[in-house]
Amino acid sequence: MRPGLLLARTLRKFDPRVQWRNPVLFLVWCGALLTTAVAIAEPFTGGARPSGGTQLPPGFTWTVALWLWLTLLAANFAESLAEGRGRSQTATLRLMREDTTAHRVPRYDPVHDPSAQHARVIDVGSGELRAGDVVVLGAGDVIPADGEVVWGIASVDESAITGESAPVIRESGGERSGVTGGTRVLSDRAVVRVSVPTGDTVVDRMIDLAVGARRQKAPNELALSALLSSFSISFVLLALTLDAVAVPFSAPLSVPVLVAVVACLLPTEIAALLSVTGIAGMYRLLQRNVLLDSAHALETAGDVTTVLLDKTGTVTEGDRRATSFVPVGGATREELVRAAALASLEDPTPEGRSTLELAGPVAQEVQGTAGRGIPFSAHTRMSGRDVEGTSFRKGAESAVLAWLKREGNQQTRTVVQELRASTTRIARAGGTPLVVAVQPAHGHGRVLGVIELKDVVKSSVAARIGQLRASGVRTVMVTGDNPVTAAAIAAEAGVAEHVGDATPEVKLELIRQEQAAGHFVAMTGDGTNDAPALAQADVGVAMNTATAAAREAANMIVLDDDPTRIIEIVDIGRRQMATRGALTTFNIANDLVRYVALFPMLFVGVVPGLERLNVLGLHSPASAVLSTVIFSVVVIAVLIPLALLGVPYQTSDLGRALNRNLLLYGVGGLVVPAVGIKLIDLVVGLLPGY
């Protein structure tokens, strides 16, 4: 951000309506305003009044007022700088927020015209779209709003969102159906149903988050703010009653000195930098392509002890592909391949398409085969084709065997045993078996064999899960696959525990059990069936390609679809907690030193014996007050990089890291102000009258 723009944003925060949101800084603002008013009035009231029996040097009030305003400047600069980094992160996204043309289909017929080839299309502005509207997208079109592909397939450029230059495929019928408003279609044609209207898309939320428009304080931040406010009230009451207590033996303290005492003892550093740590945490997540829905989610991420990982698309690549054909029951490979190709003609899923690819020339040969197609459905768990009285089916083992049994073709024990030996072997190797069968027009229906599907574990998952384990986080993989397949994938990925045959209800109940045991749970997923669990989890992380239901249920979205971002999410959450703890410890220790430095000097003009309590050897009361006020400004400036970058800590031993930080910043909070105030006093003491 340009220095001039950064300064302008900082000065705008001097508005009392802005300062009111931070009670500590608002008190400093009031004190600076009061001191300025006293400085203006002093020439008309006979000059500066003595304070505690000591005559203050000329210009003292103006000098204190100046440094109080500089204290506010440093505090507001820190927040503006943090927000500015977020703005720079999303600068290119602002162009994507402009209104684009959308090809809306007012009366979409998903049954008779799913491709909308014959539908009436109306061009409207993207701002007119509402959730549920259907739009047609072709090559070169900008996707007008977040949505879900309901028909077709398209190559999409998401580089402005994810930073990845390679195009991605978005298609209907799978887990990679989600599209993001503002991205561009490179090729092919797709029909998209809008899930989120313009103004509340992923891009909109990212920009609003970066500029601070939607940043709300998290519970821990609110609690800490309340604690700081109570401390501040105590210091104000101390200043108001100080003169009354000292009147019997001393002259009263002047208003500028009382204001300076309050400003120095207020927890100004943590009040100024508390929001900076939150904004910086959000910025670090944006850098890692994670969109955060609320500050509460990031704070909770630091407490996560259990992570539930959905297998498909999270631990694995997500597209199970046919890798081999395994004949059984005396069937030939040629019979199996032809039957599998015919049964896959009506299967638009990645499994169906990869089966046709594996079948090669045979798939091309059967493409024009007449007959009645049986589309794949989650209910039947099968797809197929009926050709001249002969039925071909492909699907889950239990579903295909049940279909043959209903047709009056119970398979022999030998065939079933051979079939189950093949399916078990495939499952133990981490694959998924699909069974192929045929029911002739005249004759006995039989199983022909098995298609082996492999879902590859993502290359980075094992190492990243090891990092989670090292930081004390337990990982559990949940999947709808059978337990044997789940065990094989879990072993390959290094996941500690696994749950197979997991329905949405099972995932939801598992999270509730973990929470009832006192654990904070994070859940990653991308399917509609993951939505209930994502909503129940303390931290729900959805992929950008997830279905609309999953993205709405989650409170974090991974824009580059890397599920291992959960590592960074937990790390950044913990780093934010550690940073706030370090800053709070440092500030409290600072206040103790400033208290010891200031109070003996306030009444030394009346009670010279108090000089023996001047442990820092400060030059004079005026020098002590001014040096402490100046130090408050300097220390905020010094701590800004720490608040933005976060304090280092060891994830492998959080208890030791906490103790080390408390020791480091506690002792540092005593040493740094003692040295800093003394050095400033040496310079201030050279000024006339000090």
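Above: the structure in question.
Residues numbered from 1 in each chain as written. Predicted model: local features only at pLDDT ≥ 70, side-chain atom pairs only at ≥ 80, totals over all residues. Heavy atoms only, no water.

Undergrad: Go over the overall build of the protein chain, please, and point to the residues and values.
TA: Per the secondary structure count, the protein chain includes 24 helices and 20 strands. Counting every position in the protein chain, which comprises 690 residues, the buried fraction comes to 55%. For the protein chain, restricting intrachain contacts to residue pairs at least 6 apart in sequence, the fraction spanning at least 24 positions comes to 71%. Entry remark: accessible area of the protein chain is about 28,900 Å², with carbon and sulfur atoms responsible for 60%. (Helix = DSSP H or I, 4+ residues; strand = E, 2+ residues; numbered from the N terminus. Buried < 20%, exposed > 50% of the residue type's maximum accessible area, 1.4 Å probe, protein only. Contact = heavy atoms within 4.5 Å. Areas by Shrake-Rupley, 256 points an atom, 1.4 Å probe, with all protein chains shown as cover.)

Undergrad: Any chance you could break down empty space enclosed by the protein for me, citing the residues and the numbers?
TA: Evaluated as defined, the whole model comprises seven cavities of 30 Å³ or more. Roughly 70 Å³ of volume is contained in the second largest cavity. If you go around the second largest cavity, you meet 11 residues; those closest to its centre are Leu 309, Val 461, Ile 465, Pro 563 and Thr 564. Residue assignment for the lining of the second largest cavity shows that the elements contributing at least two residues are helix 11 (311-315), helix 17 (461-470) and helix 22 (566-602). For the lining of the second largest cavity, the element with the highest residue contribution is helix 17, accounting for four residues. The residue inventory of the lining of the second largest cavity, partitioned by class, reads eight nonpolar, two polar and one charged. (1 Å grid on protein atoms, 1.4 Å probe; cavity = no way out; pocket = protein on both sides within 12 Å on 5 of 7 lines; lining within 4 Å. Points joined across faces, edges and corners; volume = space filled by probe spheres on them. Nonpolar A, V, L, I, M, F, W, Y, C, P; charged D, E, K, R; others polar.)

Undergrad: Can you explain the packing of helix 8 (residues 255-265) against helix 22? Please cite residues and give values.
TA: Interhelical geometry of helix 8 versus helix 22 gives an angle of 160° and a closest axis separation of 9 Å. Between helix 8 and helix 22, the crossing angle belongs to the class labelled roughly antiparallel. Between helix 8 and helix 22 the crossing geometry is left-handed. On the side of helix 8, the interface is formed by Val 257, Val 261, Cys 264 and Leu 265, while helix 22 contributes Asp 591, Arg 594, Tyr 595, Leu 598, Phe 599 and Leu 602. (Axes fitted to C-alpha atoms, helices over the stretch in contact; angles between N-to-C directions. Parallel < 35°, antiparallel > 145°, perpendicular 65-115°, else oblique. Left-handed = near helix turned anticlockwise from the far one by under 90°.)

Undergrad: Can you tell me about the pattern of salt bridges, naming the residues and giving the values?
TA: Side chains that carry opposite charge are capable of pairing whenever their charged atoms lie near each other. Using the criterion set out here, one finds 13 salt bridges in the structure. With its nearest N and O atoms 3.0 Å apart, the salt bridge here joins Glu 397 to Arg 420. Of this pair, Glu 397 sits in helix 15 (residues 397-406) while Arg 420 is found in helix 16 (residues 413-428), placing the two residues 23 residues apart along the sequence. Using a relative accessible area of 18% as the deciding quantity, one classes Glu 397 as buried. A relative accessible area of 44% places Arg 420 in the partly exposed class. Asp 591 is paired through a salt bridge with Arg 594; the nearest N and O atoms lie 3.3 Å apart. Here Asp 591 and its partner Arg 594 are both found in helix 22, three residues apart, which amounts to about one turn of the helix. (Salt bridge = Lys/Arg side-chain N within 4 Å of Asp/Glu carboxyl O.)

Undergrad: Tell me about the packing of aromatic side chains, residues and numbers included.
TA: Across all of its chains, the model carries four aromatic pairs by this definition. Ring geometry for Phe 14 against Trp 69: centres 6.1 Å apart, planes inclined by 40°, an arrangement best described as tilted. With Phe 14 in the loop between helix 1 (3-12) and helix 2 (16-19) and Trp 69 in helix 4 (residues 60-89), this residue pair connects regions lying 55 residues apart in the sequence. The class for Phe 14 is buried, based on a relative accessible area of 17%. (Phe/Tyr/Trp six-rings, centres within 6.5 Å; stacked < 30°, edge-to-face > 60°.)

Undergrad: Would you mind going over the side chain of Asp 141 in detail, with residue names and values included?
TA: Structurally, Asp 141 can be placed in the loop between strand 3 (134-137) and strand 4 (146-157). Notably, Asp 141 is buried but unbridged: the nearest opposite-charge side chain belongs to Arg 184, and the N-O separation is 6.9 Å. Looking at Asp 141, its side chain comes within polar contact range of the main-chain nitrogen of Gly 138, at 2.8 Å. Among residues more than four places away in sequence, those in contact with Asp 141 are His 103, Val 136, Thr 183, Arg 184 and Val 185. (Lys, Arg positive; Asp, Glu negative; His and termini not counted. Polar contact = N/O pair within 3.5 Å; in protein donor to acceptor, adjacent residues only side chain to side chain.)

Undergrad: Now, about the sheet that holds strand 10 (residues 321-327): what can you tell me, with residues and values included?
TA: Spatially, 10-15-14-13-12-11 is the arrangement adopted by the six strands of the open sheet, whose pairing is antiparallel. In this open sheet, the two strands that pair with only one neighbour each are strand 10 and strand 11 (372-374). For this sheet, the mean angle separating the axes of adjacent strands, direction not counted, is 20°. Looking at chain direction, strand 14 (residues 431-439) and strand 15 (residues 446-454) are connected through eight bridges and run antiparallel. In the strand pairing of strand 15, Val 436 is matched with Gly 449. Of the strands in this sheet, strand 10, strand 13 (390-395), strand 14 and strand 15 touch helix 13 (residues 350-359), which is tilted by about 60° from strand 10. Along the sheet, helix 16 contacts strand 10, strand 14 and strand 15; its crossing angle with strand 15, the most-contacted strand, is approximately 5°. (Pairing = 2+ DSSP bridges.)

Undergrad: Describe the environment of Leu 616, listing the residues and the values that go with them.
TA: Looking at where Leu 616 falls in the secondary structure, it is placed in the loop between helix 22 and helix 23 (621-645). Residue classification places Leu 616 among the buried positions, given a relative accessible area of 19%. For the pair Leu 616 and Val 596, spaced 20 residues apart in sequence, the C-alpha to C-alpha distance is 8.8 Å. Those residues in contact with Leu 616 that lie beyond four places of it in its chain are Ala 597, Ala 674, Ile 677 and Lys 678.

Undergrad: Outline the sheet that holds strand 8 (residues 290-292), supporting the account with residue identities and numerical values.
TA: Read from one edge to the other, the open sheet built from seven strands follows the order 8-20-19-18-9-16-17, with strand pairing classed as mixed. Looking at which strands have only one partner, the edges of the open sheet turn out to be strand 8 and strand 17 (497-499). Strand-to-strand twist across the sheet, computed as the mean angle between neighbouring axes with direction ignored, equals 20°. Inspection of the sheet shows strand 18 (residues 521-525) paired to strand 19 (residues 539-543) by four bridges, in the parallel sense. Its bridge partner being in strand 19, Thr 524 is matched across the sheet by Val 541.

Undergrad: I'd love a proper account of the side chain of Thr 268, names of residues and values included.
TA: Mapped onto the elements of the fold, Thr 268 is located in helix 9 (residues 268-287). Polar side-chain contacts of Thr 268 include one of 3.5 Å to the backbone oxygen of Ala 263. Setting aside residues up to four positions removed in sequence, Thr 268 forms contacts with Val 24, Leu 25, Val 28, Thr 71, Ala 263, Asn 587 and Ile 636.

Undergrad: Just give me the short version of a nonpolar patch on the surface, but keep the residues and values in it.
TA: A cluster of nonpolar side chains, Leu 592, Tyr 595, Val 596, Val 615, Leu 663, Val 667, Leu 670, Val 671, Val 675, Leu 679, Leu 682 and Val 683, forms an exposed patch at the surface whose accessible area comes to about 1,100 Å². Counting only elements with at least two residues in the nonpolar patch, the list comes to helix 22 and helix 24 (654-684). No other element matches helix 24, which puts eight residues into the nonpolar patch. You can see Val 667 is positioned in helix 24. A relative accessible area of 42% means that Val 667 is categorised as partly exposed. (Patch = residues over 30% accessible without salt bridge, like charges linked within 9 Å, V, L, I, M, F, W, Y side chains within 5 Å.)

Undergrad: Account for helix 16, with residues named and values stated.
TA: Over its 16 residues, helix 16 runs 22 Å from end to end, which matches the ideal 22 Å to within 8%, given 1.5 Å per residue. For helix 16, the complete set of buried residues consists of Val 415, Val 416, Leu 419, Ser 422, Thr 423, Ile 426 and Ala 427. Seen from one end, helix 16 has its buried residues packed into an arc of 135°, which puts them on one side. Exposed and facing more than 90 degrees away from the buried side of helix 16 are Arg 413, Thr 414 and Arg 428. Tucked into the core, helix 16 has its buried residues touching strand 10, helix 15, strand 14, strand 15 and helix 18 (483-493). (Expected span 1.5 Å × (residues − 1). Arc of directions from axis to C-beta.)

Undergrad: Got a sec to walk through the pairing of strand 1 (residues 101-105)? Specific residues and values, please.
TA: Two elements, strand 1 and strand 2 (residues 122-125), share four bridges in a ladder whose sense is antiparallel. Within the sheet, the bridge partner assigned to Arg 104 lies in strand 2 and is Ile 122. As judged from the three bridges shared by strand 1 and strand 3, these two strands associate in the antiparallel manner. Along strand 3, the bridge assignment pairs His 103 with Val 136.

Read these as geometric descriptors, not functional statements.
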